[in-house]
Amino acid sequence: STSTPSAHQLEVGEEEEDYTAQTQTQRTALSMTLEELSKTLGGLGRSRIAWDCLREGVDPYYLFSPDDSIDTTSSSSSKHQQFWNEYKDKEALKKQVLKASRQTQPLGSSALNILSSLHSHCGNSIENGLATLVHISPSSDGTTKLLLRLVDGWEVETVLIPFWANADAEQKGKGKGRTTVCISSQVGCRQGCTFCATGKMGKLRSLTTDEILVQMFFAQKIVRLSANASNEQLFSVDGIDATIAATAMTRRVAVEPLSPITNVVFMGMGEPADNADSVRGAINILTRNELFHLSASRVTVSTVAPTPEAFHEFVDSRCALAWSVHAVRDELRKLLVPTTKYTMVQLRQGLIETLKKRSLRTTMIEVALIDGVNDSIREADELADFVSEITTLVPGSNVICNLIPYNDIGGGGTSSSFRKPSMERVWEFQKRLQELGVYAKVRGTRGDDESAACGQLATSRSRKQKMEEFEEHANG
């Protein structure tokens, strides 16, 4: 049988043949449930061993393969020697990542052969196959940006944002902090938001479910290594020189390990609703208790809402929804999001209809505040009135306004005149919303000194550069 495409899918249109569509069926262990991997590897015990590894950012193929079967001398491997080093003492690594009852169990040569075959489309492995970590950029506040290179050469950015608990909180038993991972869903983005660096790239291609999940894989690896590896080693990826390494050593991230990952936000590169199938697949794996075991309320999908139906793409997904609104007056919203084709009332109705069908009705309304553009009391009043309609029409809804001071992205065009508002104006905006009964919080700027803050993510490889590389390779 054939399914009828949704209105949003029709809006996306039939663009050039997408790499995602070609490779979505070429899955890796990362996108398989415990049951699926069990059938593939020939046993539930093997599947559990593999997922013990994947959950901690360890490639089971490398952990269980004989030492002489892994080539660590190639140029690609040698510059990531600090990651290969952890596979040298395999017994110690097994004790670190495997459940106690499975630490002495072998994976078996047949399962290793199956894993190699399963990953034949990406160099026979997940780590340095499906994706390679080519650069780490730590910020002064501990925010850490990862640059991942995919099989076909495109690159995506992933950001780890730590929230450390203070000593007083720890003494009161309120935990030792947490880390949020900001994940990308596409290379670039077609929505063209004028305040966003990713929007200037245009859409280069969508990511597969596995390419989304491999970001979580590497994030887990970095969190684990931050506690176990030397900091100089951890921040030496891709030849970061001694000056940068020394600078990193003075930062808090260099002296305090990153806290466990508890939250994932799809707020990196790309528009999730334009790659809904892959994002839904990733959410399914992220929120399974036996896999990455994240709570549904701690996974947030943020969309600019290209169409009213965009929200419905995630109606059954185990996640919270966020809407990048930025302005509710149609002409102003069009200035900030030039690809907007619907009125804000039409888009809001799409959100309302979706929330009514969901059990998790927490929604975040996001506004990037830009000095003199959308940060006046007028815009605050309009936003409060706009949001009240959601809470009125959706019983049990919980709406939070997230105010984000603009982060400079450089370059020309409309954004060249954009400036960050003073914190006084931001607080006045927040105060006005609260006076009108709207819960609003100000998101602190994180990672802006390493271009890892909201709106600043963009890789340097353009479509033109990529084509030139292909031509050079083809011509020998």
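Our subject is the structure that appears above.
Residues numbered from 1 in each chain as written. Predicted model: local features only at pLDDT ≥ 70, side-chain atom pairs only at ≥ 80, totals over all residues. Heavy atoms only, no water.

(A) The nonpolar core, seen in detail. The biggest cluster of nonpolar side chains holds 102 residues, and the ones touching the most others in it are Leu-30, Phe-266, Trp-323 and Leu-433. For this core, the element with the highest residue contribution is helix α12 (residues 209–228), accounting for nine residues. Sequence-distant contacts of Phe-266, that is, excluding residues within four places in its chain, are made with Ile-183, Ile-212, Pro-272, Val-279, Ala-282, Ile-283, Leu-286, Val-299, Thr-300, Val-301 and Ser-302. Membership of the second largest hydrophobic core comes to twelve residues, among which are Phe-195, Val-304, Leu-336 and Val-337. (Core = buried A, V, L, I, M, F, W, Y, C linked by side-chain atoms within 4.5 Å. Buried < 20%, exposed > 50% of the residue type's maximum accessible area, 1.4 Å probe, protein only. Helix = DSSP H or I, 4+ residues; strand = E, 2+ residues; numbered from the N terminus. Contact = heavy atoms within 4.5 Å.)

(B) Main features of the sheet that holds strand β4 (residues 178–182). Taken together, ten strands build an open sheet; the order of strands is β1-β2-β3-β4-β7-β8-β9-β10-β11-β12 and the sheet is mixed. At either margin of the open sheet sits one strand with a lone partner, and together these are β1 (131–138) and β12 (440–442). Neighbour-to-neighbour, the strand axes of the sheet open up by a mean angle of 25°, direction not taken into account. Note: strand β2 (residues 144–150) against strand β3 (residues 155–163), six bridges, orientation antiparallel. Looking at β3, one finds that Lys-145 is bridged to Val-159. Against the sheet, helix α20 (residues 423–435) contacts β10 (362–369), β11 (398–405) and β12, and its axis sits at roughly 165° relative to β12. (Pairing = 2+ DSSP bridges. Axes fitted to C-alpha atoms, helices over the stretch in contact; angles between N-to-C directions.)

(C) Looking closely at α20. For α20, with 13 residues, the first-to-last C-alpha span of 18 Å sits near the 18 Å given by 1.5 Å per residue. Turning to α20, its buried residues number three or more, namely Val-426, Phe-429, Gln-430 and Leu-433. Each buried residue of α20 lies within a common arc of 95° when the element is viewed along its axis, so the set occupies one face. In the stretch just after α20, Gly-437 is the one whose phi turns positive, near 85°. (Expected span 1.5 Å × (residues − 1). Arc of directions from axis to C-beta.)

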